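Here is how the chains run, residue by residue.
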Amino acid sequence: MKPLLKVSGLNAWYGESHILHGVDLTVGEGEMVTLLGRNGVGKTTTLRSIMGIVRKRKGEISFTGADLMKVPLHRVAPHGLGFIPEERGIFSTLSVHENLLLPPAVAKGGMTIDEIFELFPNLYERRSSPGTKLSGGEQQMLAIARILRTGVRMMLLDEPTEGLAPVIVQRIGDVLKTLKQRGMTVLLVEQNFRFASKVADRFYLMDHGQMVGEFPVSELSARMDTLHDVLGV
Amino acid sequence: MQAFLGQLLIGLINGSFYALLSLGLAIIFGLLRVINFAHGAQYMLGAFFAWLLLSYFGLGYWPALVIAPIAVGLVGAVIERTMLRRLYTLDPLYGLLFTFGLALTIEGTFRYLYGASGQPYATPAALAGGTNLGFMFLPIYRGWVIVFSLVVCIGTWLVIEKTKLGSYLRAATENPVLVQSFGINVPFLLTLTYALGAALAALAGVLAAPIYQVSPLMGSNIIIVVFAVVVVGGMGSIMGAIVTGYLLGVAEGLTKVFYPEASNIVIFVIMAIVLLIRPAGLFGRDA
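These figures come from a predicted structure and were not determined experimentally. (Residues numbered from 1 in each chain as written. Chains lettered and ligands numbered in written order. Predicted model: local features only at pLDDT ≥ 70, side-chain atom pairs only at ≥ 80, totals over all residues.)

1. A few points about the overall build of chain A
Alright, step 1. Secondary structure summary: chain A contains nine helices and ten strands in total.
Alright, step 2. What you see for chain A is a C-alpha radius of gyration of 17 Å, in line with the 17 Å of a compact globule of 233 residues.
Alright, step 3. Reported as C-alpha extents along the three principal axes, the dimensions of chain A are approximately 45 × 40 × 35 Å.
Alright, step 4. Summarising the internal contacts of chain A: among those between residues at least 6 apart in sequence, 71% fall at separations of at least 24. (Helix = DSSP H or I, 4+ residues; strand = E, 2+ residues; numbered from the N terminus. Rg over C-alpha atoms; globule rule 2.2 N^0.38 Å. Contact = placed C-beta atoms within 7 Å.)

2. What about the pairing of strand S10 (residues 210-216) of chain A?
Residue and element names in this part refer to chain A.
Alright, step 1. Bridge analysis of strand S9 (residues 202-207) against S10 gives six bridges, and the strand direction is antiparallel. The residue of S10 that forms the bridge with Tyr-204 is Glu-214.
Alright, step 2. Two successive antiparallel strands, S9 and S10, enclose a turn made up of two residues, where His-208 displays a positive phi of approximately 50°. (Pairing = 2+ DSSP bridges.)

3. Things to note about the pairing of strand S4 (residues 57-63) of chain A
Alright, step 1. Summarising the sheet, strand S1 (residues 3-14) of chain A and S4 of chain A pair through six bridges and their orientation is antiparallel. Bridging across to S4 of chain A, Lys-6 of chain A finds its partner in Ser-62 of chain A.

4. Here we look at the confidence of the model for chain B
Alright, step 1. Per-residue confidence for chain B gives a mean pLDDT of 92, with 99% of residues at or over 70.
Alright, step 2. This complex was scored by the predictor with a pTM of 0.90 and an ipTM of 0.93. (pLDDT = per-residue confidence, 0-100.)

5. Re the interface of chain A and chain B
Alright, step 1. The interface is formed by 19 residues belonging to chain A together with 14 residues belonging to chain B.
Alright, step 2. Residue contributions to the side of chain A that touches chain B peak at three residues, all from helix H2 (residues 73-76) of chain A.
Alright, step 3. Its residues assigned to classes, the side of chain A that touches chain B comprises 14 nonpolar, four polar and one charged. (Nonpolar A, V, L, I, M, F, W, Y, C, P; charged D, E, K, R; others polar.)

6. Remarks on the sheet that holds S4 of chain A
All names here are of chain A.
Alright, step 1. An order of S2-S1-S4-S5 is seen for the four strands of this open sheet, with the pairing classed as antiparallel. Edge positions in the sheet fall to strand S2 (17-28) and strand S5 (66-67), since each has one partner strand and no second.
Alright, step 2. Two strands pair when backbone bridges link them, and S4 and S5 are joined in this way by two bridges, in the antiparallel orientation. Across the sheet, the residue bridging to Phe-63 is Ala-66, located in S5.
Alright, step 3. Helix-sheet contacts for helix H1 (residues 43-51) involve S1, S2 and S4, and the interaxial angle to S2 is about 75°. (Axes fitted to C-alpha atoms, helices over the stretch in contact; angles between N-to-C directions.)

7. What about helix H5 (residues 140-162) of chain B?
An α-helical turn contains 3.6 residues, so a residue and the one three or four places further along point in the same direction.
All names here are of chain B.
Alright, step 1. In this model H5 runs 32 Å from its N-terminal to its C-terminal C-alpha over 23 residues, within 8% of the 33 Å that 1.5 Å per residue would give.
Alright, step 2. Residues of H5 that are buried include every one of Val-145, Ser-149, Val-152, Cys-153, Thr-156 and Ile-160, and no others.
Alright, step 3. Those residues of H5 hidden inside the fold are in contact with helix H1 (2-32), helix H6 (164-174), helix H8 (186-208) and helix H10 (238-258). (Expected span 1.5 Å × (residues − 1). Buried ≥ 20, exposed ≤ 12 C-beta atoms within 10 Å, placed from the backbone.)

8. Details of unusual backbone geometry
Alright, step 1. Despite not being glycine, Thr-64 of chain A shows a phi value in the positive range, around 45°.
Alright, step 2. Relative to the elements of secondary structure, Thr-64 of chain A occurs in the loop between S4 and S5.

9. Some remarks on the packing of H1 of chain B against H5 of chain B
Residues and elements named next belong to chain B.
Alright, step 1. Put simply, H1 and H5 touch, their axes get as near as 9 Å, and they point 30° apart. Between H1 and H5, the crossing angle belongs to the class labelled roughly parallel. Read as a crossing pair, H1 and H5 show a hand that is left-handed. Mapping the contact onto sequence places Leu-12, Ile-13, Ser-16, Ala-19, Leu-20 and Leu-23 in H1 and Arg-142, Val-145, Ile-146, Ser-149, Val-152, Cys-153 and Thr-156 in H5.
Alright, step 2. Residues belonging to the contact of H1 with H5 are distributed by class as follows: nine nonpolar, three polar and one charged. (Parallel < 35°, antiparallel > 145°, perpendicular 65-115°, else oblique. Left-handed = near helix turned anticlockwise from the far one by under 90°.)

10. Side note on the environment of Ile-211 of chain B
Alright, step 1. Along the chain, Ile-211 of chain B turns up in the loop between H8 and helix H9 (218-233).
Alright, step 2. Residue classification places Ile-211 of chain B among the partly exposed positions, given that 15 C-beta atoms sit within 10 Å.

Right, dumping it as structure tokens:
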């Protein structure tokens, strides 16, 4: 599989604190890869550094062959990369519809508004409500939907299931499977590896700002014991 | 009754200037988190550009109404790009101190060049004269100021609330980093916003030129009241700035009828009361 995203030797800092200590990872075209790890090991920072939100960073990030290290934040999305933050980032002063239309399309092949409303019927019903009047699950759907409209090739998705009811988690799992069928590449951060095991092709295990393990989904059950140790669950 | 209606109108005229100026301040504060102390100087620059255009190029009121705001907007864009931008990562106090220093510098320069006394600026011929409303004689120019500023305020509000550009501005006010990650050029949006705020101040300055004299200190006289308006309306609230501008203008006018001695302080008394009861302002969201 051709790597779409290749990260090597990535170091990143928040102010003075050194968070990432040489992260190496690759994500192939159309692959769904999950970062596992305890709280505070640098999973979110990895996504934010790849996107270019964390600017104090060193190392190499190549996406579709382009070097992202020197690209200013607002020029990253046009390369075909979308970021969905853990806090979802739904705007309260914008309606659901405005939230959906906010990110400019960066490439052809994004979902149309009709396709999005078909995939997320709730959003259609609530389209004129203020974005933050939605439930947590609906906000997560909206956060994913608005990135799907833009036509990006890869999504960086940070803990989409956090704090959501099991039925909503299942719904998000279905959405991710649909996206996978459409050829979307996803780098997912997830604590809930029961959820992750249903959608991911491959896992990275992260600790102390580095990758400490990598395995395909087929080895997940064999590694359960070590995972429980490392994740402390 | 006559005095009442008369002062109500005068209040509306002053309120028009308060609304236009506090609108610009609110837009700038909302997105840039900068308390723009140079706003009064930008208002003064608008009036001076109109006067300079007339004195040196023979261009009258109507061209000045277009050219002066554009020129001051461009000056604002240069200030944001070259100086203000460097302060965003620092405490907001630095932006306040910088714009305060900028205001003193601009006003000092104009006082040096043109003296402290005001320059007269004639009312445009098309709006000269007045009309008798029955209860008072209304100079047509003042009626124009009320109507035109209301149109500009509502127009600006519509652009922010109803257009795509406005949705970028609102979103970037809430979470600039995420908006930038969507591929929107937020640094450019910041420049545009500062330029727009400065242009609105300059527009108010041109409108004010025929009513007040064009003087280097005209901005520092009005800006303190405008800051009170923004505080009462709620920092960063666009609609709050507009409505409060007119309301406080009227409150000031009506105080002149009932208790003239208090008319200079009534706005600040209202500000103090609002701060005690609703610190976020009448239209502000509780933090």
